[in-house]
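So you can see what is in the structure, the chains are spelled out below.
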Amino acid sequence: MRSYRCRCCGGPLEVRVETDQVFSLNSLSGRVQSIWRYEELLPDLGNPVTLGEGMTRLVRCERLAKLIGVRNLYVKLEGTNPTGSFKDRGISVGVTVALRAGADKVVCASTGNTAASLAAYAARAGLECAVLIPKGKVASGKLFQARLFGAVVCEVSGTFDDALRTALREAESIGAYVLNSVNPWRLEGQKTAAFELWEQMSGDTSFDVVVPVGNAGNISAIWKGFEELSRHGLIDDLPRMIGAQSSGAAPLARMMRLGLDEPSWVDDPQTIASAIRIGRPVNWKRAIRAVRRSGGMIYDVEDSEILEAMRLMATSEGIATEPAGAAPIALLKSKIQSGELPRDLTYVCIATGHHLKDPSSALVSWNEPVPVEDYLTRAGLQRTRFRE
Ligand SMILES: Cc1ncc(COP(=O)(O)O)c(C=O)c1O
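Here the structure is a predicted model, which means the values were calculated and not measured.

Scoring rules and cut-offs
- Sequence order sets the numbering: in each chain, residues are counted from 1 along the sequence as written.
- With the structure being a predicted model, the display of local features is reserved for residues of pLDDT at least 70 and the display and counting of side-chain atom pairs for 80 or more, all residues being used for whole-chain, interface and lining totals.
- Going along the chain from the N terminus, every DSSP run of H or I of four or more residues is numbered as a helix, and every run of E of two or more is numbered as a strand.
- Taken over C-alpha atoms, the radius of gyration is set against a globule rule of 2.2 Å times the number of residues to the power 0.38.
- Three exposure classes are used, all based on how many other C-beta atoms lie within 10 Å of a residue's own C-beta (placed from the backbone): buried at 20 or more, exposed at 12 or fewer, and partly exposed between those limits.
- We call a residue near a molecule or strand when its C-beta atom, built from the backbone, sits within 6 Å of it.
- Any residue that is not Ala, Val, Leu, Ile, Met, Phe, Trp, Tyr, Cys, Pro, Asp, Glu, Lys or Arg is counted as polar, Gly included; the first ten are nonpolar and the last four charged.
- Residue ranges for the domains trace back to a domain assignment, done automatically or taken from a database.
- Two residues qualify as being in contact provided that their C-beta atoms, derived from the backbone, are within 7 Å of each other.
- Here the axes come from fitting lines to C-alpha atoms, over the contacting stretch only for helices, and the angles between their N-to-C directions go from 0 to 180 degrees.
- Just so you know how the angles are binned, under 35 degrees is roughly parallel, over 145 roughly antiparallel, 65 to 115 roughly perpendicular, and the rest oblique.
- Whether a crossing is left-handed or right-handed is set by the direction in which the near helix is turned from the far one by less than a right angle, anticlockwise for left-handed and clockwise for right-handed.
- In short, DSSP must find at least two bridges between two strands for them to pair.
- Think of it as the arc spanned by the lines of direction from the helix axis to the C-beta atoms.

Caption draft 1: Up close: the overall build of the protein chain. Broken down by element type, the protein chain carries 13 helices and 10 strands. Radius of gyration (C-alpha) of the protein chain: 21 Å, near the 21 Å computed for a compact globule of 388 residues. Reported as C-alpha extents along the three principal axes, the dimensions of the protein chain are approximately 75 × 45 × 45 Å. The proportion of buried residues among the 388 residues of the protein chain is 51%.

What follows is the structure, given as structure tokens:
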């Protein structure tokens, strides 16, 4: 349970749950409202460390669909997880495994959300927790959470990739269990997003899933979930997986666009979407395999498109996300306009993190507060005009 790399090739390990028993749409009713409702396809770990993660809302967005020009659009609000991101799914499983393996200390490198999540679940489990973050590059809300939940927050000079290298190198010497997405148990939790989509869409999986890609664990995990549903005969259609990277941190989008066999790493990734500011995604092989098998693609979008997508989501639907979570909507809008993706399909976009994690005013530069007198005068004039 403690190792997460193959002893022969050094590659990431994968968990396989062998079972003949599986849930059906009917058998799920009345079960616990968390990822643990899918127990047949989760590792058997005894009492889970849980805060009620999963079962996030899937919202149909008709106005937004019209604005970006697609037939059917759904957004899955992963920001409604206990610490505000999809990470809680995998961290719940990962911390449960850590306890089972006898660890008393857990560690991760993070762009912010894993740190917040691990800190909370470690507190819940009574474990010591250290998080390594790239200095000055983590959104204030996420840093606040990690500190609030009592983790030791360690700053690393450099990027997330430098922080991850340090965590992997030093974990053994400090006797800590690593809970980054190189840890295969994390992906077991994250694959439940696929089960939920299947359940929430009443078993009809004829849609495309659009996911932001950083370290590439989530897109791989969601695909794994769909493959398992297919293996157990629960679905006929495997969704296409479409990844969204930010242009300043897009090694996988570039690799796919140029048809290369391997990515060339980005040493100094730059994007306003700090959660996906990653130049060396550790799960790149899995992600590329998932995307290719599904018939999908990974594209990149500009920061300006991400900000515009955040604005459109918020003002047309009243739903919001941190910048990385808006990358799928940005991608859809751009690729529908260019004709690279068809209009006439159903798309599910994964809004991966809560908007209040990154409340920088720079992100809403389009809506400056105004003096109340200006508003009252303007509104009064409009009212007069209306009466006339
Ligand atoms: C909000 C958010 N979206 C997307 C991602 C990218 O997920 P992954 O690293 O699994 O590709 C992250 C990762 O930190 C995240 O926090």
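Caption draft 2: Structural view of the site of the ligand. Among the 19 residues in the neighbourhood of the ligand, the closest are listed as G214, N215, A275, T352 and G353. At the level of elements, α3 (113-125), α8 (217-231) and α12 (323-338) are the ones that each hand at least two residues to the shell around the ligand. For the shell around the ligand, the class distribution of residues is six nonpolar, 12 polar and one charged. Shared between two domains, the shell around the ligand takes at least three residues from each, and those domains are domain 1 (58-83 + 186-364) and domain 2 (87-183).

Caption draft 3: The arrangement of the domain arrangement of the protein chain in detail. The domain architecture assigned to the protein chain consists of domain 1 (58-83 + 186-364) and domain 2 (87-183). Each partner contributes residues to the interface: domain 1 has 28 residues there, and domain 2 has 27 residues. Of all the elements in the fold, those that place two or more residues in the side of domain 1 that touches domain 2 are α6 (184-190) and α7 (192-200). When residues of the side of domain 1 that touches domain 2 are assigned to their parent elements, the largest contribution, five residues, is made by α6. When grouped by side-chain class, the residues that make up the side of domain 1 that touches domain 2 number nine nonpolar, 12 polar and seven charged.

Caption draft 4: The arrangement of the packing of α3 against helix α4 (residues 140-148) in detail. Between α3 and α4, the shortest axis-to-axis distance is 8 Å and the interhelical angle comes to 20°. In terms of orientation, α3 and α4 fall into the roughly parallel class. Here the hand of the crossing between α3 and α4 comes out left-handed. Here α3 contributes N113, A115, A116 and A119 to the contact with α4, which in turn contributes K142, Q145 and A146.

Caption draft 5: Focus on the sheet that holds strand β1 (residues 58-60). An order of β1-β2-β10-β7-β8-β9 is seen for the six strands of this open sheet, with the pairing classed as mixed. One side of each edge strand has no neighbouring strand; the edge strands of this open sheet are β1 and β9 (297-301). Strand-to-strand, the axes of this sheet are offset by a mean angle of 25°, without reference to chain direction. Relative to strand β8 (residues 240-246), helix α10 (residues 284-294) is tilted by about 135°, and along the sheet it contacts β8 and β9. Contacting β7 (208-212), β8, β9 and β10 (346-351), α12 runs over the sheet at an angle of about 130° to β7.

Caption draft 6: Focus on α4. Looking only at α4, the buried set comprises G141, K142, Q145 and A146. Seen along its axis, α4 keeps its buried residues to an arc of 135°; they face one direction. Residues of α4 that are exposed and angled more than 90 degrees away from the buried face: S140 and L148. Of the surrounding elements, those touching the buried residues of α4 are α3, β4 (128-134) and β5 (152-156).

Caption draft 7: Molecular detail of helix α9 (residues 251-258). Among the residues of α9, those classed as buried are P251, L252, A253 and M256. The inward-facing, buried residues of α9 contact β8, α10 and β9. Immediately downstream of α9, the backbone of G259 shows phi near 65°, a positive value.

Caption draft 8: Main features of the sheet that holds β4. The strand order across the open sheet built from four strands is β5-β4-β3-β6, with neighbouring strands paired in parallel fashion. Of all the strands in the sheet, just β5 and β6 (177-178) have a single pairing partner and so form its edges. Of the strands in this sheet, β3 (105-109), β4, β5 and β6 touch helix α5 (residues 160-174), which is tilted by about 160° from β3.

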